[in-house]
Amino acid sequence: RGIIPENHPRRESLLIREKVVEGMMENVVVPQGLIAQGRGECFDYLLGERTQDFALRAIEVSAAMLVTAKSPVISVNGNMAALAAHEIVDLAKSIPAKLEVNLFYRDEERERAIERKLREAGAEEVLGVGKNASETIPELFSERRRVSKEGIYSADVVLLGLEDGDRTEALVRLQKKVIAIDLNPLSRTSLTATVTIVDNVVRAIPELKKKVQDVRNKDREELERLIKGFHNRDNLRSALRYMSERLAQLSLTL
Ligand code: PTJ
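Engineer: Is there a simple way to think about the nonpolar core in this case?
Structural biologist: One recurring pattern in soluble globular proteins is that nonpolar side chains are buried together. I74, V76 and L118 are the most contacted members of the largest nonpolar core, which has 60 residues in total. By residue number, the principal contributor to this core is helix α4 (residues 78-94), which donates 10 residues. The contact partners of L118, leaving out residues within four places of it in the chain, are V76, A85, V89, V101, A123 and V126. Counting residues in each nonpolar core, the second largest holds 12 residues, with A155, V158, L171 and V178 among its members.

What follows is the structure in structure tokens.
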């Protein structure tokens with residue numbers, strides 16, 4: 001952290017990267033998580049490292065879905081915990097939603113390290129750790145299929161980030177609404193989720209908490225109208241169009 005100069009033009013991005021590296025030292029992040037972060041950084045560069053309008057739209061709809069849900073759950077993996085533990089816990093409290101650890105590379109030691117990180121950030125209950133992940137998502141073969149009975153298994157809305165496509169598909173097949181935060185608008189997760197927030201979890205989660213507070217004052221009918229009027233594919237098209245137009249613009253400035 002100390003070796004990144006204050007005036008480095010890419011300081012913010014490098015500090016975020018440091019959080020993932022520190023997460024790996026604490027056994028919160030897997031080495032593959034560093035590769036995922038690098039891929040994310042590339043897409044974030046194309047977004048101008050800002051939360052764009054299409055992401056704000058998806059965030060508003062996600063907030064409406066979360067506050068009207070019967071049993072909303074935030075699924076947390078290694079990268080999410082390393083990048084935004086406090087913000088995730090704050091968001092969960094403001095909805096309120098349950099928190100569940102669910103890992104692609106499942107390992108009980110790491111589940112406990114992530115639980116510890118969430119508790120240090122203020123979480124009171126953390127599901128999905130060890131024997132608590134006693135239920136199985138059918139037709140899913142990765143270790144991500146093990147989930148908590150009172151968490152993801154019985155949830156109607158699941159928020160997740162940096163996810164693999166298989167589990168998103170399995171959750172949607174189980175009639176759950178899936179909100180995915182993914183910088184890559186072309187990933188299978190992005191294409192399958194009910195709502196995709198094409199943004200960095202570092203920016204999207206605090207923004208989502210703000211929106212949860214805003215939409216809470218609206219009546220249920222208005223929120224349902226907002227949800228019905230949202231079309232994920234159209235919003236993903238806007239994200240792709242933004243990226244390609246930005247590249248075309250940049251080509252003129254060289
Ligand atoms: O902690 P575990 O065991 O659950 O493992 C987590 C990783 C991330 C290693 C695992 O889920 C994985 O391998 O994910 P993928 O298949 O690499 O997918 C990660 C997706 O998240 C990619 O589409 C990236 O573009 C995107 N991404 C990376 N960093 C961010 C991101 N999206 C939002 N915010 C980021 N900071």
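Moving on from the model shown.
Engineer: I keep staring at the site of the ligand and nothing clicks. Help me out?
Structural biologist: As a matter of local geometry, the ligand sits amid 24 residues, with R39, F104, R110, D182 and N200 nearest to it. Take R39: an N or O atom from its side chain is 2.9 Å from an oxygen atom of the ligand. If you list the elements that add at least two residues to the shell around the ligand, you get α2 (31-46) and α4. The dominant element in the shell around the ligand, judged by the number of residues it contributes, is α2, at six residues. When its residues are assigned to classes, the shell around the ligand shows nine nonpolar, nine polar and six charged.

Rules behind the numbers
Residues numbered from 1 in each chain as written. Predicted model: local features only at pLDDT ≥ 70, side-chain atom pairs only at ≥ 80, totals over all residues. Heavy atoms only, no water. Core = buried A, V, L, I, M, F, W, Y, C linked by side-chain atoms within 4.5 Å. Buried < 20%, exposed > 50% of the residue type's maximum accessible area, 1.4 Å probe, protein only. Helix = DSSP H or I, 4+ residues; strand = E, 2+ residues; numbered from the N terminus. Contact = heavy atoms within 4.5 Å. Near = heavy atom within 4 Å. Polar contact = N/O pair within 3.5 Å; in protein donor to acceptor, adjacent residues only side chain to side chain. Nonpolar A, V, L, I, M, F, W, Y, C, P; charged D, E, K, R; others polar.

All we've got here are geometric facts, nothing functional implied.
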